[in-house]
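# Survey of secondary and tertiary structure
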Amino acid sequence: MSALKNNKELQVAAIENGTVIDHIPPTELFKVATLLELDKVEATITIANNLPSRKCGRKGMIKISDKFFNDDEISRIALVAPNVILNIIRNYEVVEKKRVSLPDELIGLVKCNNPKCITNNEPMPTRFEVIDKEACVIKCHYCERKINKDDIIIK
Amino acid sequence: MRSKSFVSIQECTKEDILRILDNAEKFEANPNRRLLEGKVAATLFFEPSTRTRLSFETAVNRLGGRVIGFQDASTTSSSKGETLKDTILMVSNYADLIIMRHYLEGAARYASEVTDVPIINAGDGANQHPSQTMLDLYSIRKTQGKLEDLTITMVGDLKYGRTVHSLIVGMSHFNPMFHFVAPNELRMPDEQKNFCDEHGIRYYEHTAFTEEIINQSDILYMTRVQRERFTDLEEYERVKNVYILKNSMLAHSKDNLRILHPLPRVNEIAYDVDDNPKAYYIQQAHNGLFAREAIICDVLNINV
């Protein structure tokens with residue numbers, strides 16, 4: 001199998017086609033799964049956590065067979081795990097590596113921290129502008145409150 | 001935004017501000033013009049605010065329009081659990097313009113997204129109150145003859161005071177210099193100071209309210225220091241009388257200095273200041289009528 005050609009032993013079974021999300025911080029693994037709505041995916045999914053990693057000590061990894069995410073879905077992950085890498089696999093080969101980056105706007109993903117915000121009192125999607133992609137600072141389109149990375153609550 | 005609404009001062013360009021102020025000037029010269037003949041304006045006050053509502057309703061009446069609405073949400077369907085969206089859509093069937101005050105932040109923005117009828121934000125919680133900013137700018141220009149290159153001293157609660165935050169944004173087009181005078185607990189937040197830095201606006205922070213600062217100022221913008229804003233009541237007791245303007249403090253102030261206050265005032269301006277010709281806060285509220293007439297015509301694309 002070509003994926004084994006560098007003699008590295010695979011810790012998780014290889015997939016033929018699909019997406020491998022690598023270098024997920026262990027504490028964020030299940031948030032990433034939630035953000036990608038993996039509970040609604042019917043394909044085979046392998047989730048591994050606390051794997052040894054040369055780069056970051058320990059890491060999480062998710063392999064989803066026969067599933068390719070669009071950019072909009074991928075960008076959600078950047079909220080919790082900005083350094084993950086998506087490997088697009090076709091016929092056991094990595095055909096593309098994607099880094100994630102935050103979109104300009106987040107709709108319906110994040111809860112506003114302001115209890116007096118209209119979005120917490122009306123049946124409506126939230127809407128945030130990403131005002132600092134590096135530091136991950138977002139601003140509510142409605143009440144104009146700024147939220148820093150550590151205070152972001154995923155819906 | 002589907003229609004032309006007036007939701008936040010951040011969205012107003014310099015040209016927008018100057019156009020509205022120029023039109024407000026025309027309304028001051030002649031407040032009674034039947035430009036809204038045959039039109040219906042709805043004033044939806046989900047939170048009571050007598051001063052703002054009367055000012056807007058007077059503006060509509062002086063423009064020859066008619067007013068429908070409510071001044072207390074407890075008598076409306078929102079107390080039965082109706083969503084804001086449904087209330088706005090229902091009223092949109094009747095009115096050409098919606099002027100709304102709401103206790104929730106972002107309510108006016110959301111309303112402007114669900115209807116084609118123009119929305120004027122008459123205050124959404126602690127967020128925005130842009131018609132107040134417009135009347136403040138009008139008062140500044142009228143008393144100083146210009147908006148450019150002025151020194152503005154803001155005093156009192158600079159942390160929670162939305163009027164001072166919006167005024168910084170409104171003035172940012174006109175090269176102002178600010179003095180921020182506040183107790184430590186209520187000092188200007190970083191967000192507004194960062195805004196000043198990004199826009200090259202000079203500002204100085206002070207905890208002492210001294211004649212020296214007053215004497216440099218063209219505008220003295222007073223705000224109320226409210227007891228309930230303090231976590232440390234001893235701190236409140238220490239500072240509550242520090243930020244009170246007394247007439248004697250104005251002895252060596254500039255001739256063109258004018259004192260503004262968004263009102264209501266409690267004790268932060270001593271009553272002996274009222275008779276000083278530099279006191280301007282009552283006329284300032286009067287200017288609100290002209291500014292609001294101009295804002296109403298602006299969102300309805302009516303030539304003044």
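A brief structural summary. (Residues numbered from 1 in each chain as written. Chains lettered and ligands numbered in written order. Predicted model: local features only at pLDDT ≥ 70, side-chain atom pairs only at ≥ 80, totals over all residues.)

## Re the packing of helix α1 (residues 14-29) of chain B against helix α5 (residues 130-144) of chain B
All names here are of chain B.
- Contact pair α1 / α5: the axes reach a minimum separation of 10 Å and the direction vectors enclose 70 degrees. As summarised for this structure, α1 and α5 are arranged roughly perpendicular, according to the angle between their axes. You can see that α1 and α5 cross each other, and the crossing is right-handed. Of the residues in α5, those in contact with Ile-17, Ile-20, Leu-21 and Ala-24 of α1 are Met-134, Leu-137, Tyr-138 and Arg-141.
- Residues that form the contact of α1 with α5 fall into these classes: seven nonpolar, no polar and one charged. (Axes fitted to C-alpha atoms, helices over the stretch in contact; angles between N-to-C directions. Helix = DSSP H or I, 4+ residues; strand = E, 2+ residues; numbered from the N terminus. Parallel < 35°, antiparallel > 145°, perpendicular 65-115°, else oblique. Left-handed = near helix turned anticlockwise from the far one by under 90°. Contact = placed C-beta atoms within 7 Å. Nonpolar A, V, L, I, M, F, W, Y, C, P; charged D, E, K, R; others polar.)

## Quick word on the nonpolar core
- In this structure, Ile98(B) and Tyr221(B) are the most contacted members of the largest nonpolar core, which totals 92 residues.
- Setting aside residues no more than four positions away along its own chain, Tyr221(B) makes contact with Ile152(B), Thr153(B), Met154(B), Val155(B), Val164(B), Leu167(B) and Leu260(B).
- Core analysis: the next-biggest nonpolar cluster, separate from the first, contains 18 residues, Leu35(A), Ile62(A), Ile64(A) and Val84(A) among them. (Core = buried A, V, L, I, M, F, W, Y, C linked by C-beta atoms within 7 Å. Buried ≥ 20, exposed ≤ 12 C-beta atoms within 10 Å, placed from the backbone.)

## Let's talk about the interface of chain B and chain A
- Facing the twelve residues of chain B at the interface are 14 residues of chain A.
- Looking at the side of chain B that touches chain A, the elements that each hand over two or more residues are α3 (84-92) and α4 (107-114) of chain B.
- Top element by residues in the side of chain B that touches chain A is α4(B). It accounts for three residues.
- Per-class residue counts for the side of chain B that touches chain A are four nonpolar, four polar and four charged.

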